[in-house]
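Chain residues, written in single-letter form:
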Amino acid sequence: MAEFQMSLMDWQRIARDTMAFWFNTNETRYEFRAGQHADFVFMDPSPESAGDNSRTFSLANSPGDKGLVMIALRMRQTGFKNALKAAALGTKFKVSRPRGSFTLHKDITRPAVFLAGGIGIVPVRSILYCATEERLPHRLYLFYANRDAEDAAFLEELEGLAAQNPNFTLIPTLTRGKSPAWPHENGPIDRDLLKRYLQGLNGPVYYVAGPSGMVAAMTTMLGSSGVSDDDIKTEEFGDYKLSRGN
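What you see is a predicted model; the values in this text were computed from it and never measured.

Some details on the pairing of strand β3 (residues 37–42)
Piece 1. Sheet topology places β3 next to strand β4 (residues 54–58); five bridges connect them, and they run antiparallel. Across the sheet, the residue bridging to Phe40 is Arg55, located in β4.
Piece 2. Bridge count for β3 against strand β6 (residues 92–96) is three bridges, and the pairing is antiparallel. Bridge pairing in β6 links Phe42 to Phe93.

Side note on the nonpolar core
Piece 1. Counting 39 residues, the largest nonpolar core has Phe114, Leu128, Leu142 and Tyr144 as the members making the most contacts within it.
Piece 2. Tallying contributions element by element places helix α2 (residues 121–133) first for this core, with eight residues.
Piece 3. Look past the residues within four positions of Leu128 in its chain and what remains in contact with it is Phe114, Leu140, Leu142, Leu158, Leu161 and Phe168.
Piece 4. One finds Met19, Phe23, Leu59 and Val95 within the second-largest nonpolar core, a separate group that totals 22 residues.

What to know about unusual backbone geometry
Outside of glycine, negative phi angles account for most residues, and trans bonds account for most peptide bonds.
Piece 1. In the Ramachandran plot, Asp17 falls in the positive-phi region, its phi being about 55° despite a non-glycine side chain.
Piece 2. By the element assignment, Asp17 lies in the loop between β1 (3–15) and β2 (18–24).
Piece 3. Backbone geometry at Arg135 places phi at a positive 55°, although glycine is not the residue there.
Piece 4. Relative to the helices and strands, Arg135 resides in the loop between α2 and β8 (140–146).

Things to note about the pattern of salt bridges
Piece 1. Under the defined criterion, the tally for this structure stands at nine salt bridges.
Piece 2. Salt-bridge contacts for Glu31 lead to Arg29; the nearest nitrogen and oxygen are separated by 2.6 Å.
Piece 3. A salt bridge links Asp148 to Arg176; its shortest N-O distance comes to 3.0 Å. Taken as a pair, Asp148 in the loop between β8 and α3 (155–164) and Arg176 in the loop between β9 (168–174) and β10 (185–186) lie far apart in primary sequence, 28 residues in all.
Piece 4. Here Asp148 falls in the buried class, since its relative accessible area comes to 16%.
Piece 5. Taken together, the shared-partner salt bridges in this structure form one network comprising Arg16, Asp148, Asp151 and Arg176.

A few points about the sheet that holds β4
Piece 1. An order of β4-β3-β6-β1-β2-β5 is seen for the six strands of this open sheet, with the pairing classed as antiparallel. Edge positions in the sheet fall to β4 and β5 (68–74), since each of these pairs with one other strand and no more. Sheet twist, expressed as the mean angle between neighbouring strand axes with direction ignored, is 40°.

Section: the environment of Ile121
Piece 1. With respect to the element layout, Ile121 can be found in helix α2.
Piece 2. Distance from Ile121 to Thr132, taken between C-alpha atoms, is 16 Å for residues 11 residues apart in sequence.
Piece 3. Among all residues touching Ile121, those that are not within four sequence positions of it are Ala116, Leu142, Tyr144, Ala153, Phe154 and Leu158.

A short note on α2
Piece 1. Look at α2: 18 Å from first C-alpha to last across 13 residues, which is about the 18 Å you get at 1.5 Å a residue.
Piece 2. Judged by how many residues are buried, α2 sits mostly within the fold: 12 of 13 residues are covered.
Piece 3. Considered for burial, the residues of α2 that qualify are Ile121, Val122, Pro123, Val124, Arg125, Ser126, Ile127, Leu128, Tyr129, Cys130, Ala131 and Thr132.
Piece 4. Downstream of α2 by one or two residues, Arg135 has phi in the positive range, about 55°.

What counts and how
- Residues numbered from 1 in each chain as written.
- Predicted model: local features only at pLDDT ≥ 70, side-chain atom pairs only at ≥ 80, totals over all residues.
- Heavy atoms only, no water.
- Pairing = 2+ DSSP bridges.
- Helix = DSSP H or I, 4+ residues; strand = E, 2+ residues; numbered from the N terminus.
- Core = buried A, V, L, I, M, F, W, Y, C linked by side-chain atoms within 4.5 Å.
- Buried < 20%, exposed > 50% of the residue type's maximum accessible area, 1.4 Å probe, protein only.
- Contact = heavy atoms within 4.5 Å.
- Salt bridge = Lys/Arg side-chain N within 4 Å of Asp/Glu carboxyl O.
- Axes fitted to C-alpha atoms, helices over the stretch in contact; angles between N-to-C directions.
- Expected span 1.5 Å × (residues − 1).

Written out as structure tokens, the structure is:
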């Protein structure tokens, strides 16, 4: 598998216990499709990694961002994440060729409905930015669930994107309970919530991304609503403690 060398360029806290990291591709041509993922490996492992030197991450930015790659992750206590948080700017990584089929379908007559939970927003962000930059005509719906508002990574960016792209409808929701300051939906993503925003549950292509339990619940709900397995794409992120890095 082809490998590319990249350097840590910047980082930022983007939500509670959640950080984004940017990598410079060092003028190497790194091409990927929005929604794909890649392996990141420390070239010179530090003691903080404790032998935990590699992780797979979804790419969070648009392929149109030439010269850089962004990832975002919940900062759990693992060797890799501790080492990444402590890494100096300029730290070098080997990055694999991108892969994965969690990418936007080509049939513009069919809406794309994204059901994202927590850090599952990462590949969806990539797709939405790419679709907006390329002015794709797909109708796009994002149902974005978090426990609390403080956990909702990229929410302000997504609100701005919805204002910019008339084909994109954003439906954030909190699952822990109602908040007086929260202007959006409350409760889990369920059939009733989908029906309030979609003309029909059959017809769209569904993209489900998040923790394994959430992905399983969403695919079961869609299947019981008559949605074909062929119309559901999934991207599981484990339970934030497994091998998938996000």
